[in-house]
Amino acid sequence: MALRENGGMHDIQLTERGWALPGIANLHSHAFQRAMAGMAERQGDPNDSFWTWRETMYAMAARFTPELLRAVAAQLYVEMLEAGYTSVCEFHYLHHRPDGGFHDDRAAMSQALIEAARATGIRLTLLPVLYMSGGFDGRALSERQRRFGHSVEDYLRLLEGLRAQENASLNIGCALHSLRAVPEGAVREVLAALPQGSRIHIHIAEQMAEVEDSIAVRGARPVRWLLDHADVDARWTLVHATHLDDGEVRGIAGSGATVAICTTTEGNLGDGLFPLRDYLDAGGRWGVGSDSHISVSPVEELRWLEYGQRLRAQRRNIASSAAMPSVGETLLHGAWQSAAASTGFDVIDEVVLDADAPVLIGATREDVADRWLFAGNRDAVKDVHVAGHHVVINGRHIAHDAALVDYRRAITTLLAG
Ligand code: NGQ
Ligand code: ZN
């Protein structure tokens, strides 16, 4: 059952230090949104939706400077590491000044994320996002979207500049915000210009409104359109492949692409439920992301992925199979097996769970994953090692206090803005 890769092993083992297992890759993050987590849960409009949440999110986005982004991202990455994530794919579109003008260093916001990752030790797959239009009809960016925008030429120059910094803990990939935000010609141009093996992430079918707009403007559902117009393969990660028909389920699974499921954010935003069982039956690859950071916990992403399916099917133990009866182990293996393809890091970092945590007392190799994912949480994470660095010791990141000081200052500034 364990898959050997790069000398490491996708397995859980009892060691003298505790239960050792590979870290989880966080396949989707917008770091700045950590600063508004829990602040959009009051009714503004009786028809509050993803789209009204987005207005609140844009208001927060408008206040960010590179320095504020660095502080918020560093706190977020500390929390991720303490929760058991060891790498993060940062889907980064907050590029320019609030009015859309370039920063003196055009890559200043990307640089803030790189510095936050370096300071905390998490592996970063930085995915600068191409964002060009405000909808499928090609309309111009709204005032609040202006700071996200690039021409294809400027975008490719940004990627090229950042690539010079790549190392064992920093991978530069490419993200297309969505089919809403990138016109067909630009999709083609960017894909043709990417270096071989570059990771490509895209938001694809999160809301029914975007499925309907895609059908109206491009004559096909978004996933169908993408499969028909791009060489979707193992380099690709489709984020929020929520609304799928049977052909799309089989199409993604057969392509080798990874689906990034952001369970807690998708639940929080009222997106819909990913058809997990059908996708697993089709042999599809998938992982999880914390996206808006309404929760920063691989345990919660994986647990609620299973619970959503149970609530819909009115049955139990949906993700598992006769070959792997443990739901927890099945979920961990799913997340582990997509990590290299989606992040570009073919490595295994280590998380150690406290064998003496109440929830793990008396655990066995057979039930430790289930106990952690269904009855435990961050309090069971004892040690985390990334790229040979021991960054979480006894449940606390080595920069926990320093990050919190900067974060408190940043939030105070953001909330006053
Ligand atoms: C984002 N977040 O880019 O942050 C999006 C909202 C959009 C999620 N989709 C904005 N969860 O999709 O237009
Ligand atoms: Zn997203």
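What counts and what doesn't
- Residues numbered from 1 in each chain as written.
- Chains lettered and ligands numbered in written order.
- Predicted model: local features only at pLDDT ≥ 70, side-chain atom pairs only at ≥ 80, totals over all residues.
- Heavy atoms only, no water.
- Near = heavy atom within 4 Å.
- Polar contact = N/O pair within 3.5 Å; in protein donor to acceptor, adjacent residues only side chain to side chain.
- Areas by Shrake-Rupley, 256 points an atom, 1.4 Å probe, with all protein chains shown as cover.
- Helix = DSSP H or I, 4+ residues; strand = E, 2+ residues; numbered from the N terminus.
- Pairing = 2+ DSSP bridges.
- Donors = N, O, S within 2.8 Å, 3.2 Å for Na, K, Ca; no water.
- Buried < 20%, exposed > 50% of the residue type's maximum accessible area, 1.4 Å probe, protein only.

### Some details on the site of ligand 1
Item 1. The environment of ligand 1 is formed by 14 residues, the closest being Arg 54, Tyr 93, His 177, Arg 180 and Glu 206.
Item 2. His 177 has a polar side-chain atom sitting 2.8 Å from an oxygen atom of ligand 1.
Item 3. Side-chain polar atom of Glu 206 to a nitrogen atom of ligand 1: 2.4 Å apart, as the coordinates give it.
Item 4. A total of 330 Å² of accessible area belongs to ligand 1 in isolation, and the protein chains cover 100% of it.
Item 5. The dominant element in the shell around ligand 1, judged by the number of residues it contributes, is helix 1 (residues 50-61), at four residues.

### Quick notes on the sheet that holds strand 15 (residues 381-386)
Item 1. Spatial strand order, 3-4-14-15-16-17: six strands in an open sheet with antiparallel pairing. At either end of the open sheet lies a strand with only one pairing partner, and these are strand 3 (13-15) and strand 17 (396-397).

### Digging into the coordination of the zinc ion (ligand 2)
Item 1. Coordination of the zinc ion (ligand 2) by the protein comes from His 28 (NE2), His 30 (NE2) and His 203 (NE2), over a distance range of 2.0 to 2.1 Å.
Item 2. Counting along the primary sequence, the residues that act as donors to the zinc ion (ligand 2) give the motif H-x1-H-x172-H.
Item 3. Judged by relative accessible area, which is 0%, His 28 ranks as buried.

### Some points on the pairing of strand 4 (residues 18-22)
Item 1. Across the five residues of strand 4, five count as buried, placing the element largely inside the fold.
Item 2. Inspection of the sheet shows strand 3 paired to strand 4 by three bridges, in the antiparallel sense. Bridge assignment links Thr 15 to a residue of strand 4, and that residue is Gly 18.
Item 3. Hairpin remark: strand 3 followed by strand 4, antiparallel, with two residues in the connecting loop.

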